[in-house]
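Structure assessment
Below are the chains, spelled out letter by letter.
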Amino acid sequence: MDGLQFLVSWLPEWLREPGRFYAFYAETLYLIPLLPFAGFLINAFGRKSISRGASGAVATLAAFGAFFWAFLSFCATLGPADTGPSGSEVEFPARALHAIYADWISVGGFSCSFGFYLDQLSGVMTLVITGVGTLIHLYSMGYMAHDKAFARYFCYLNLFLFSMLLLVLGDNLVLLFVGWEGVGLCSYLLIGFWYEDAAKAAAGMKAFIFNRVGDLGFLLGIFVLVAVFGTVNFVSTPVKVGTRNYPSEPNRVERAEADEGEAAPGQMQVILPDHPGLLNYAHAVRVLSGGKGLSANLPLDYDAAKTGRGNLNLSDKLGSSVFPNGTVGFALALACLLLFVGACGKSAQLPLYAWLPDAMAGPTPVSALIHAATMVTAGVYMVARLSSLFAFSETVLSVIAIVGGLTAIFAALCGLTQTDIKKVLAYSTVSQLGYMFLAAGVGAFGLAIFHVVTHAFFKALLFLGAGSVIHGMSEEQDLRKMGGLRHKMPITFWTMLIGSAALAGVPFTAGWYSKDQILGALLARYEHDHQTVFLILYVLALVGAFCTAFYTFRLMGLAFFGTSRASEETQHHIHESPPVMTVPLVILAIFSAIGGVWFGSGVNLPEFLGLPEPSFDLHHGHTLNLILAGVAAFGGIGLALLLYVQQGKQPKPETEQGPLYRLSKERFYVERFYDRVVCGGFALFAEVLHLLVDVILIDTLLVYGAGGLVRWIAGLMRKLQSGVVNAYAAGILIGALVVLYKLLHG
Amino acid sequence: MLLTALILLPLLGAIPLLIVRDNNAREIKVWAIMISVLTFLISLPLYFNYDPDGELFQFVELYRWFSLQGLRARFSLGVDGISALLIVLTTFIMPIALLGSWNYIKDRQKEFYLCMLVLETAMIGVFAAQDLFLFFVFFEASLIPMYLLIGIWGGDNCIYATTKFVLYTVFGSLLMFVAILFVYHKCGAAHFGIAHLTEQLAQLREAGMLSRAEEFWCFWAFALAFAIKLPLWPLHTWLPDAHVEAPTPGSVVLAAVLLKMGGYGFLRLVVPFFPMASEAYAPLLMVLCIVGIIYGSLMAFTQKDMKKLIAYSSVAHLGTCMLGIFSFTAVGVQGGAYQMLNHGISTGALFLLVGMLYERTHTRMIDYYGGIAKIVPVFTVCFVLVTLSSIGLPLTNGFVGEFTCLMGAFQRNPWFGVFGGLGVVLGAVYMLYLVKRVFFGKVIRQSNEHLADIGGREMALILPLLAMIFVMGIAPNPFFRRMQPAVEEYLRLSKAHKPAPVAPAPRTVAARPAPAAPVPVPQDATELPDVGNEP
């Protein structure tokens, strides 16, 4: 141990005790996103001059560097308190790192800046993104080894990491939006990575456009918040002490003294810090509107100074002129609903989910990273980030819960019958995202993020496993042509089995910890005030859990058990993937297996995040739920094993299937509706409009019509130009007389 | 002297072209490009030396011009932040447009470069003029070279297009001219100085001498001229034709600068002159903008010709821009002015890129292409980057403009923000659909297999534009800062007719009342103490 201690003592102090270098880590937060960005630049501009191996290595190292720095920074938030610069008496809690680097847009009273904020929530997200991201980069080096556009792939992948890190680290909504659109762009580029296939390029476009619909909601949500609070920052701007950044103090809540203002003695008053952020406002409004703030009927031109209840002042904002007669509660609910529309787009919730299944056109590691582990959870992150705002309105939370619940069951039903291995996982992702929003919808934001984390482990694992299968099967994705792979691809099989168990919710796996708690929270929510809607949602979620377990093990059964249904040629080539691919699988499998114990019981992630808690006891009615959820999970697994392993059942051709099967296989015709009715209708409408308005109405009737009118008048006038000299002479004479008359009498 | 020099330089530079012989094509091109580069360099102080804390109008010059029958016009020049930036945009785009014509223009080169240089003079003049008469002269003068550019070097149907363009524009200008004379006489103005006329009109209004009807008629006469130039829906149908038929450099200049005269006219003349009518008709105009956004996007989606698609996208983008300008909010107007610059850069770049494709294949039909990303990868990257700017992706200039315009519109009336925001979605639809059809998929035409990727000269054209796209997307503040005084003046004038200011005083973050912060409570800001339950 001496040797080890020697090594540790040799390390620089900032590496040994990050917590003591709080300000240093705050100011270097930018390194986390900038490392992948540097990797992107190297691969973008140097791809011609560096070898394939080097470009993969650069990208992977950039991702790992980001992870490393994120880890140190995260440790810095956990360490002992930084006593601040010498001479300062202020003690700063090392709970969050916050630094603002530069102004970005400041115009007409609105301003936002480039600043990063790392607290428990964004820290956990950052670690997941960079950690899982690094593994997937590594895996990609094997998976994409034979691709022509190797460097371009890593270039996009690093750009994605950069954008995703901007998204979670941004200290204001607009910067979050930058990342939000940035990941959308990368998703577009990576889904259409093999652009020579027009269908894949179209899938990329579809993803971008569906996301844009949501983004419009997001933008409008930002506008509402700017109008009401005049800021987009999450928290108050950091205090500069010397050159160092320390977080500004939070709101203070005090009891009014008897002689203070008009406030009654003992009344609560809130003192906001300088430059308050959205969360400060949310807190202040909650305190001032009394109770849990669920009926925030403060007027939009509220000025607390007038009542002596602190310094919350909304009257200098534009809220009251934008929403005459509106209340803060109304505006907040509106903003949250609009933001949630954005979340629906990014996180593939009904009705904007349809792009995600198509997104499977991208390379499989991309599906693992972007369309399972990280990007699609951005919506959940955003809701959690602004949870103090979302917690205001029961209505908004109910909407979120209903959308989440419907998506969870809908996608789970779709997943039952898919025959493409990636499509099964895609619908599963949509469904699991639904569970996350269910959690958020009952006010258990911490649980939602917990599920984001565990889901990132096991879903990335499952996708990478599927990638390994596809790789081994010579690019075959159809489950009907697989089978019997467990002997030929043992590592893939065992790791995927762990992932499947986690997804299905087998007790003590990562997925069980999070999903079981979400179901429990739903039940507790119902028992809290007996709203039927939550009972229905609970039942739906249970059925969804059953379906999840079923389709997961159906996939396992079809791919790994029974006898191979592949062609001779393919069978001949089946092989276990190289270590560069299996090592990430094993690491993710470990996390999928024990991650729940670690984060659920050990750290207790949901509480660690420090997000607002619901007003009721989340763990109420836990035993009943434990039993029901267990029955659902094991029932689904058992049925799948019975059908697909015991009986070796195979999907029949679609024509022989019943109507229910087809309804599920065709995803309830929703996607077809989008393709045919919405897209077709849009194109037809545009064409008709073009013909009617531009060509016929404006150009022919108005423009030519005006021309024709001129020609007609000219035709009349032309008759004057008769060429008869006498007529001209008469004209000249009359004219001369008129002028003469004017001159003499005028 | 700077502004006079800027105006005269291209004109003087055009003179040698009159004398030189036609067969010295190379020398002619080099000369014209040198002149335009020199003009650009000379114009740079307008950006660097414009002091946003100083006087509103800087680089002011004033000379006698003519006085006729009581009409006293003066050669009065000066720039505020907005016109300074528009002039720099003009001089920045011009060398690019000229270098872009290097191979494109094959016949009558001498005349072509002559036209372009004269056009540059006229455009700079429009933005620099502080005398209404002078403004009108330049405004009209810009029409002549453009008319020739489309008519002589245009496509097959160029005569139809150029006639339509001129008739539309002249129709508007005529009405405006009448209104200019009316305003002049009505005010009993001493001269045509724009600021002077604004002041006189305000005094008349205050004294009750300007009837509602007079103000409204004059407003429409001015507004129509600029709405046509912009073009505002439904006065836009000249634009697609003009763009399709114009040679690439003509399209670039038309989109980048000429259309901006419309927006500039609203900012500088229409609203300051007639604030009451502007206030009354702003909602109507904003509705037209929104119709233009949605309609232009839908039309762009249906087009088969790339240039026409981009022309319709201009209708949509300028709709967004004017939505900001008519919002009469600080954010919106700044955004609108910014969006004018953005549109100049990104749409100019798009026309340039389409022109490059045209030079290679002599067609702009979308279905001729398909899958060429594989053959011209660098070109594809450039096109996609410009597309991103066009659809307003954050960190490109398009986002900053669109975001601020829509925020301004939203602050005026949330519904304007909602419907104007549809452009965000629709823009992505038609642009990505274009990219997909041209660049992705399989190569469908054998002849496209050997397309040359972007060359050195072409790279030199597109790189400055790409650089500006990101510079203006990442660091917009230096631009906003310069435009701020002009925008504040615009807002002041637009509200001048009201008895008391209704809008809240301009706020800055720093100016917010802040309580003296006592000892900070050591607690993290996100972990807000929940004390709501206490009595």
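Here the structure is a predicted model, which is why all the values come from computation and not from measurement. (Residues numbered from 1 in each chain as written. Chains lettered and ligands numbered in written order. Predicted model: local features only at pLDDT ≥ 70, side-chain atom pairs only at ≥ 80, totals over all residues. Heavy atoms only, no water.)

Considering the overall build of chain B
Heads up, the condition is: Only DSSP runs of H or I with at least four residues qualify as helices, and only runs of E with at least two residues qualify as strands; both kinds are numbered from the N terminus onward. All radius of gyration figures rest on C-alpha atoms, and the globule criterion is 2.2 Å times the number of residues raised to 0.38. Buried, partly exposed and exposed residues are distinguished by accessible area as a fraction of the type maximum, computed with a 1.4 Å probe on protein chains only: under 20%, between the cut-offs, and over 50%, respectively. Here a residue-residue contact requires only that any non-hydrogen atoms of the pair lie within 4.5 Å. Per-residue and other accessible areas were derived by the Shrake-Rupley procedure at a 1.4 Å probe size, with only the shown protein chains allowed to occlude residues. The charge count treats Lys and Arg as positive and Asp and Glu as negative. His and the chain ends do not count. Just so you know, the charge point we use is NZ for Lys, CZ for Arg, CG for Asp and CD for Glu.
Within chain B, the regular secondary structure consists of 20 helices and 2 strands. Rg of the C-alpha trace for chain B: 24 Å, near the compact-globule value of 24 Å for 535 residues, within the 12% margin. Principal-axis analysis of the C-alpha atoms places the extent of chain B at approximately 80 × 75 × 40 Å. Per-residue burial over chain B gives 64% buried out of 535 residues. Restricting to contacts in chain B with at least 6 residues of sequence separation, those with at least 24 account for 81%. If you sum the accessible surface of chain B, you get close to 18,300 Å²; carbon and sulfur atoms cover 66% of it. Once the 35 positive and 33 negative side-chain charges of chain B are each reduced to a mean point, those two points are 6 Å apart.

Quick word on the overall build of chain A
Assigned secondary structure in chain A consists of 30 helices and 6 strands. Seen through its principal axes, chain A has C-alpha atoms that stretch 120 × 85 × 60 Å. With 746 residues in all, chain A has 60% of them scored as buried. Relative to all contacts within chain A whose residues are 6 or more apart in sequence, the contacts with residues 24 or more apart total 77%. Surface summary for chain A: the accessible area is close to 27,500 Å², and the carbon and sulfur share equals 67%.

A word on the domain arrangement of chain A
We apply this condition: Domain boundaries shown here were taken from an automatic or database domain assignment.
Partitioning chain A into domains gives domain 1 (33-227 + 332-665), domain 2 (239-316) and domain 3 (670-745). Distance from the C-alpha centre of domain 1 of chain A to the C-alpha centre of domain 2 of chain A: 37 Å.

Remarks on the packing of aromatic side chains
So the rule is basically this: Note on aromatic pairs: the rings of Phe, Tyr and Trp (six-membered ring only in Trp) are paired at centre separations within 6.5 Å, and the planes decide the class, stacked below 30 degrees, edge-to-face beyond 60, tilted for the rest.
Summed over all chains, the structure comprises 83 aromatic pairs over all chains. Taking 4.8 Å as the distance between ring centres and 15° as the angle between the ring planes, the aromatic pair formed by Phe229 of chain A and Tyr281 of chain A counts as stacked. With a gap of 52 residues between them, Phe229 of chain A in helix H9 (residues 198-229) and Tyr281 of chain A in helix H10 (residues 278-288) connect regions that are remote in the sequence. Seen in terms of ring centroids, Tyr368 of chain B and Tyr369 of chain B are 5.4 Å apart; in terms of plane orientation they differ by 80°. Their pairing is edge-to-face.

Some remarks on the side chain of Asp131 of chain B
Residue and element names in this part refer to chain B. Formally: Think of a salt bridge as a Lys or Arg side-chain nitrogen and an Asp or Glu carboxyl oxygen that are within 4 Å of each other. Two N or O atoms count as a polar contact when they lie within 3.5 Å, although within protein this holds only if one can serve as hydrogen donor and the other as acceptor, and sequence-adjacent residues are included solely when both atoms are side-chain atoms.
Within the element layout of this structure, Asp131 appears in the loop between helix H4 (109-128) and helix H5 (132-141). One buried charged residue, Asp131, forms no salt bridge at all, with the nearest opposite charge on Arg74 at 4.7 Å. Side-chain polar atoms of Asp131 contact the backbone nitrogen of Arg74, separated by 2.9 Å. In contact with Asp131, not counting residues within four places along its chain, are Arg72, Ala73, Arg74, Ser76, Phe192, Gly193 and Ile194.

A look at the packing of helix H20 (residues 445-472) of chain A against helix H25 (residues 579-603) of chain A
Residues and elements named next belong to chain A. Cut-off, in case you're wondering: Angles shown run from 0 to 180 degrees and are taken between the N-to-C directions of axes, each axis being a line fitted to C-alpha atoms and, for helices, limited to the stretch in contact. Relative orientations are named as follows: roughly parallel for angles under 35 degrees, roughly antiparallel for angles over 145 degrees, roughly perpendicular for angles from 65 to 115 degrees, and oblique for any other angle. Should the near helix be turned counterclockwise from the far one by less than a right angle, the crossing is left-handed, whereas a clockwise turn marks it as right-handed. Asp, Glu, Lys and Arg are counted as charged, while Ala, Val, Leu, Ile, Met, Phe, Trp, Tyr, Cys and Pro are counted as nonpolar; the rest, among them Gly, fall into the polar class.
Between H20 and H25, the least distance of the axes is 9 Å, while the angle of their chain directions is 155°. In this view, H20 runs roughly antiparallel relative to H25, as classed from their interaxial angle. Remark: the crossing between H20 and H25 carries left-handed chirality. Along the contact surface, H20 presents Phe450, Phe457, Phe458, Ala460, Leu461, Leu464, Gly465, Ser468 and His471, while H25 presents Met581, Pro584, Leu585, Leu588, Ala589, Phe591, Ser592, Gly596, Phe599 and Gly600. A class-by-class count of the residues in the contact of H20 with H25 yields 13 nonpolar, 6 polar and no charged.

Section: the pattern of salt bridges
Residues and elements named next belong to chain B. The full count for this structure, using the stated rule, is 17 salt bridges over all chains. Across the salt bridge formed by Arg457 and Glu359, the nearest N and O atoms sit 3.7 Å from each other. Within this pair, whereas Arg457 is found in helix H19 (residues 456-474), its partner Glu359 is found in helix H15 (residues 330-361), the two being separated by 98 residues in sequence. With relative accessibility at 22%, the residue Glu359 sits in the partly exposed group. For Glu489, the salt bridge identified is with Arg492, shortest N-O distance 3.0 Å.

A closer look at unusual backbone geometry
Residues and elements named next belong to chain B. With an omega of -5°, the peptide bond between Leu230 and Pro231 qualifies as cis. Along the chain, Pro231 falls in the loop between helix H9 (212-229) and helix H10 (238-245). Cis geometry is adopted by the peptide bond preceding Pro234, which originates at Trp233 and carries an omega value of 5°. Here Pro234 shows up in the loop between H9 and H10. One non-glycine residue, Arg108, lies in the positive phi region at around 50°. Mapped onto the elements, Arg108 comes out in the loop between helix H3 (81-100) and H4. For Arg108, a relative accessible area of 49% puts it in the partly exposed group. Notably, Phe328 is not glycine yet its phi reads approximately 55°, a positive angle.

Focus on the environment of Thr509 of chain A
All names here are of chain A. Checked against the element boundaries, Thr509 lands in the loop between helix H21 (490-504) and helix H22 (510-529). Separated by 81 residues in sequence, Thr509 and Ile590 place their C-alpha atoms 9.9 Å apart. Ignoring any residue separated from it by four or fewer positions in sequence, one finds Thr509 in contact with Ala501, Ala502, Ser592 and Ala593. For Thr509, the side chain forms a polar contact with the main-chain oxygen of Val506, separated by 2.6 Å.

Digging into helix H18 (residues 414-439) of chain B
Residue and element names in this part refer to chain B. For clarity, the cut-off: The span expected for a helix works out to 1.5 Å for each residue beyond the first. We define the bend at each residue as the angle formed by axes fitted to the 7 residues ending at it and the 7 residues starting at it.
Taking 1.5 Å of rise per residue, the 26 residues of H18 would be expected to cover 38 Å, and the 38 Å separating its terminal C-alpha atoms lies within 8% of that figure. Roughly 30° is the biggest bend found in H18, and it falls at Leu426. Of all the 26 residues making up H18, 20 are buried; the element is thus mostly covered by neighbouring parts of the structure. One or two steps after H18, the chain reaches Gly441, where phi turns positive at roughly 85°.

So, H25 of chain A
Residue and element names in this part refer to chain A. Between its first and last C-alpha atoms H25 spans 31 Å; for 25 residues at 1.5 Å apiece the expected length is 36 Å, and the helix comes up short by more than 12%. Of all the bends in H25, the greatest measures close to 55° and is centred on Ile594. Within the sequence span of H25, burial applies to Met581, Thr582, Pro584, Leu585, Leu588, Ala589, Ser592, Gly595, Gly596, Phe599 and Gly600. Buried residues belonging to H25 abut helix H6 (120-143), H20, H21, H22 and helix H26 (605-608). Where H25 terminates, the next one or two residues include Asn604, which has phi positive at roughly 55°.

What about the confidence of the model for chain A?
Inclusion rule: The pLDDT score gives, residue by residue, the confidence of the prediction method on a 0 to 100 scale.
On average, residues of chain A carry a pLDDT of 85, and 92% of them reach 70 or more. For residues 85-94 of chain A, every residue scores under 50 in pLDDT, and the model assigns this stretch 25 contacts once sequence neighbours within four places are set aside.

Side note on the pairing of strand E2 (residues 71-79) of chain B
Residue and element names in this part refer to chain B. Using the following cut-off: Two strands pair if DSSP finds at least two bridges between them.
For E2, a buried count of 8 out of 9 residues is recorded, marking the element as mostly surrounded by other parts of the structure. As defined by bridge partners, strand E1 (residues 58-68) adjoins E2 across 8 bridges and the pair is classed as antiparallel. Residue pairing for E2: Leu62 is matched across the bridge by Ser76. Counted along the chain from E1 to the antiparallel partner E2, the turn is 2 residues long, and its residue Gln69 has a positive phi close to 50°.

Digging into the state of the cysteines
Residues and elements named next belong to chain B. In plain terms, the rule: The disulfide definition used here is simple: a pair of cysteine sulfur atoms within 2.5 Å.
The full count for this structure, using the stated rule, is 0 disulfides over all chains. Cysteine Cys187 remains unbridged, with the sulfur of Cys218 as its closest cysteine sulfur at 9.0 Å. For Cys218, a relative accessible area of 7% puts it in the buried group.

Structural notes on the environment of Lys374 of chain B
By the element assignment, Lys374 of chain B lies in the loop between H15 and helix H16 (377-390). The class for Lys374 of chain B is partly exposed, based on a relative accessible area of 46%. Separated by 69 residues in the primary sequence, Lys374 of chain B and Val443 of chain B place their C-alpha atoms 8.2 Å from one another. Setting aside anything within four residues of it in sequence, one finds Lys374 of chain B in contact with Tyr195 and Glu196 of chain A.

Brief notes about the confidence of the model for chain B
Chain-level pLDDT for chain B is 86 on average; 93% of the residues reach the 70-or-more range. E1 of chain B is the least confidently modelled element of chain B, averaging 86 in pLDDT, while H16 of chain B averages 94, the highest of any element.

A word on a nonpolar patch on the surface
Residues and elements named next belong to chain A. For clarity, the cut-off: In this scheme, patches are assembled from residues that exceed 30% relative accessible area and form no salt bridge. Like charges are connected within 9 Å, while nonpolar side chains (Val, Leu, Ile, Met, Phe, Trp, Tyr) are connected within 5 Å.
A grouping of Leu684, Val688, Leu691, Leu692, Val695, Ile696, Leu697, Leu701 and Leu702 is seen on the molecular surface, where their side chains present a nonpolar patch of about 820 Å² in accessible area. Following the sequence through the fold, Ile696 ends up in helix H29 (residues 670-718). The exposure class assigned to Ile696 is partly exposed, which follows from its relative accessible area of 39%.

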